[in-house]
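Observations on the model geometry
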Amino acid sequence: MDPRTIATNVRSIFSLPDVVIRINDLIDSGEASNYELEQVISSDPALTAKLLKFANSTYFGFSGKVETILKAISIIGHKELRNLVLATSVTSTFKGISSDLVDMDTFWNHSITCGVTARLLASSVDSRERFFIAGLLHGVGRLILFSQYPEESAKVLSYMNQGEDAVIHAERKIFGFTHAQLGAELLKQWKLPPNIWKMVEHQFAPMNMKGAKYEYDANTLCAAINIANYIQPCTNQKINYEETIPERAIRIWSYLGLSAEIIESVMTVAKLQVIEVFNAIR
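What comes next is a walk through the structure.

The next thing to look at is the overall build of the protein. Across its full length, the protein carries 16 helices and zero strands. Its C-alpha radius of gyration of 18 Å places the protein within 12% of the 19 Å reference for a compact globule of 282 residues. Its C-alpha atoms give the protein principal-axis dimensions of roughly 50 × 45 × 35 Å. For the protein, buried positions account for 51% of its 282 residues. The contacts in the protein between residues at least 6 apart in sequence include a share of 70% that link residues at least 24 apart. Total accessible area computed for the protein in this model is approximately 13,200 Å², and 49% of it derives from carbon and sulfur atoms. Of note, the protein has its 27 positive side-chain charges centred 2 Å away from the centre of its 30 negative side-chain charges.

To continue, consider the packing of aromatic side chains. For the structure on display, the rule yields seven aromatic pairs. Plain terms: the ring middles of Phe94 and Trp108 are 6.4 Å apart, the flat faces sit at 45 degrees to each other, and that makes the pair tilted. One end of the pair, Phe94, is in the loop between α6 (78-90) and α7 (104-121); the other, Trp108, is in helix α7, with 14 residues separating them in the sequence. Across this residue pair, the class does not change: Phe94 and Trp108 are buried. Taking 6.4 Å as the distance between ring centres and 75 degrees as the angle between the ring planes, the aromatic pair formed by Phe131 and Tyr216 counts as edge-to-face. Linking Phe131 in helix α8 (residues 129-137) with Tyr216 in helix α14 (residues 215-231), this pair joins segments that are 85 residues apart in sequence.

Our next topic: the layout of surface pockets. One water molecule sets the probe size; rolling that probe over the atoms shows where empty space is left. In this structure, the second largest pocket occupies an estimated 360 Å³ of space. If you trace the second largest pocket, you find 20 residues lining it, with Leu16, Ile21, Asn24, Trp190 and Lys191 closest to the centre. Within the residue set of the lining of the second largest pocket, elements represented by two or more residues are α2 (18-29) and α6. Per element, the largest residue contribution to the lining of the second largest pocket is six residues, and it comes from α2. The residue inventory of the lining of the second largest pocket, partitioned by class, reads eleven nonpolar, four polar and five charged.

Attention now goes to the packing of helix α9 (residues 140-148) against helix α12 (residues 179-189). The contact between α9 and α12 brings their axes to 7 Å, and the two run at 100 degrees. Considering their axes alone, α9 and α12 lie roughly perpendicular with respect to each other. Residue-level inspection shows Val140, Gly141, Arg142, Ile144 and Leu145 of α9 in contact with α12, the latter providing His179, Leu182, Gly183, Leu186 and Leu187. When grouped by side-chain class, the residues that make up the contact of α9 with α12 number six nonpolar, three polar and one charged.

Parameters and conventions
- Note on numbering: residues in each chain are counted from 1, in written sequence order.
- Side-chain atom pairs in this predicted model are given and counted only at pLDDT of 80 or more, local residue features only at pLDDT of at least 70, and totals for whole chains, interfaces and linings cover all residues.
- Only hydrogens and water are set aside; all other atoms, that is, all heavy atoms of the structure, feed into the side-chain values.
- Where helices and strands are cited, they refer to DSSP runs of H or I of at least four residues and of E of at least two residues respectively, numbered from the N terminus.
- The globule rule used here is 2.2 Å times the number of residues to the 0.38 power, and the radius of gyration it is set against is calculated over C-alpha atoms.
- When a residue's accessible area, from a 1.4 Å probe over protein chains only, is under 20% of the maximum for its type it is buried; when over 50% it is exposed; and in between it is partly exposed.
- Should any heavy atoms of two residues lie within 4.5 Å, those residues are considered in contact.
- The protein chains shown are the only cover counted for residues, whose accessible areas, like all others here, come from Shrake-Rupley with a 1.4 Å probe.
- Residues scored as positive are Lys and Arg, those scored as negative are Asp and Glu, and His as well as the terminal groups of each chain are ignored.
- A charged residue contributes its charge at one atom only: NZ of Lys, CZ of Arg, CG of Asp or CD of Glu.
- Working definition: a ring pair exists when centres of Phe, Tyr or Trp rings (six-membered ring for Trp) sit within 6.5 Å. Plane angles under 30 degrees give stacked, over 60 give edge-to-face, the rest tilted.
- Grid spacing is 1 Å over the protein atoms alone, the probe is 1.4 Å, and a cavity is where that probe fits but cannot get out, while a pocket is an open set with protein on both sides within 12 Å along at least five of seven lines and lining residues have an atom within 4 Å of a point.
- Grid points are joined across faces, edges and corners, and a volume is the space filled by probe spheres set on the points.
- Each residue is assigned to one of three groups, with Ala, Val, Leu, Ile, Met, Phe, Trp, Tyr, Cys and Pro labelled nonpolar, Asp, Glu, Lys and Arg labelled charged, and all others, Gly among them, labelled polar.
- What counts as an axis is a line fitted to C-alpha atoms, over the stretch in contact for a helix, and the angles between N-to-C directions run from 0 to 180 degrees.
- For this classification, under 35 degrees means roughly parallel, over 145 means roughly antiparallel, 65 to 115 means roughly perpendicular, and everything else is oblique.

Structural data, given as structure tokens:
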């Protein structure tokens, strides 16, 4: 087994809707007009309703009601629009996964928490929308494993009480790779840019990227995942968290200049935004 082969084999099962691909292509072209984007979105009534609901959430904090897709696009911008369309679509992409392994509402709540937290941590970075998407999609590799290899995944999850490092070690032992590597490969095949899938790929060992192009990004995602883990776990297994903060988390928080006060503040804001985002895209 290798991540590329598995991602290729499941790409038809876990594929993005046509409307998402069309919008992504339009935005990538750099020549898309707001009217063209509105026409594509309006062809999908469910997506239209979700997008308007999202645009009117406190996540964006706009004054006044956003009543049309055209107005939403003009306020949000094309890059944030791409995020919203992807976020509102991806949750319905993964279906039929055993509830014995994962509660999907809990999983997506946790994933959204990671995305919102990563976006908050990257508040000083240009184009920070990519951090939301990376956080939202950081665990999709785990869903692929749950779907395609349920028995092996159950063995991996039996290590959950020993902490995330034990789970990752079990993945490497049983599969020969981590769900982060598999998830990154799927995102690559979905044609998401490297500044997203690189974060996902290196989420467990961002300090190994010292001096690399996406070092800060990967550390930010890792920090967001660690913080989100204190808000809500993402699997259907009972987890006994230690009272002490993992050493890896402390190193990364120090690298990013995150004090206990900053982390506490981020968690407070994230909890409020997560409710809005979750209600909008589910």
